[in-house]
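# A closer look at the structure
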Amino acid sequence: MSLCEGVLRILEEQAGVQNYSRVRRVTLEIGMLSTAVPESIEMCFGAVTRGTLADGAALEIVRTPGEAWCKKCAASVPVKERYTPCPRCGGFDLELRAGDGLRIKELEVD
Ligand SMILES: [Zn+2]
């Protein structure tokens, strides 16, 4: 299943829960460490949503920074890419905390 189909499925599920029939704008939050490529999501979103409740909806993508917990430093550190060492101690004992996911941040609906 493509990411766009996943997003559309969430929009359709939420339409029942939040009682809307049309999506005008979607803001997606994509972590900097996510494997999701914003450009390809932008490209497929229009095609996937054609003829659905999100047909013609504007898509906005916000990138969020990565964050990991370094066990050595016992601190939360920023990470720009996967498999990069801790910017403080240079160690690799990192546990990703944020920035590797994709979620719907905002919805504008009718
Ligand atoms: Zn460290």
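Calculation rules
Residues numbered from 1 in each chain as written. Predicted model: local features only at pLDDT ≥ 70, side-chain atom pairs only at ≥ 80, totals over all residues. Heavy atoms only, no water. Salt bridge = Lys/Arg side-chain N within 4 Å of Asp/Glu carboxyl O. Helix = DSSP H or I, 4+ residues; strand = E, 2+ residues; numbered from the N terminus. Buried < 20%, exposed > 50% of the residue type's maximum accessible area, 1.4 Å probe, protein only. Expected span 1.5 Å × (residues − 1). Arc of directions from axis to C-beta. Contact = heavy atoms within 4.5 Å. Core = buried A, V, L, I, M, F, W, Y, C linked by side-chain atoms within 4.5 Å.

## Concerning the pattern of salt bridges
A full pass over the atoms with the stated rule returns 7 salt bridges. A salt bridge links Glu-108 to Arg-25, with the nearest nitrogen and oxygen atoms 3.6 Å apart. Taken together, the residues span a long stretch of sequence, with Glu-108 in strand β6 (residues 102–109) and Arg-25 in strand β1 (residues 23–31) at a distance of 83 residues. On the basis of relative accessibility, which here comes to 43%, the residue Glu-108 falls in the partly exposed class.

## Regarding helix α2 (residues 38–49)
With 12 residues, α2 should cover 16 Å at 1.5 Å per step; its first-to-last C-alpha distance of 16 Å lies within 8% of that length. Taken together, the buried positions of α2 are Pro-38, Ile-41, Phe-45 and Thr-49. For α2, the angular spread of the buried residues around the axis is 45 degrees, confining them to a single face. Among the exposed residues of α2, those pointing more than 90 degrees away from its buried face are Glu-39 and Met-43. Those residues of α2 hidden inside the fold are in contact with α1 (3–18), β1, β2 (58–64) and β6. Of the residues flanking the end of α2, it is Gly-51, one or two places downstream, whose phi is positive at about 80 degrees.

## Quick word on the side chain of Thr-27
With respect to the secondary-structure elements, Thr-27 resides in strand β1. Thr-27 sits in the buried class, given a relative accessible area of 4%.

## Considering the nonpolar core
Ranked by internal contacts, the top residues of the largest apolar core, which has 16 residues, are Leu-11, Val-23 and Phe-45. Counting only elements with at least two residues in this core, the list comes to α1, β1 and α2. Sort the elements by how many residues they give to this core and α1 lands first, with 5 residues. Beyond its immediate chain neighbours, meaning those up to four positions away, Leu-11 contacts Tyr-20, Val-23, Val-26, Phe-45, Leu-53, Ala-54, Ile-104 and Leu-107.

## Side note on α1
Compared with the 22 Å implied by 1.5 Å per residue over 16 residues, the 22 Å span of α1 between its first and last C-alpha is a close match. Those residues of α1 that fall on the buried side of the exposure criterion are Cys-4, Gly-6, Val-7, Leu-8, Leu-11 and Ala-15. Turning to α1, the residues buried within the fold contact β1, α2 and β6. The positive-phi residue at the C-terminal boundary of α1 is Asn-19, with phi of around 60 degrees.

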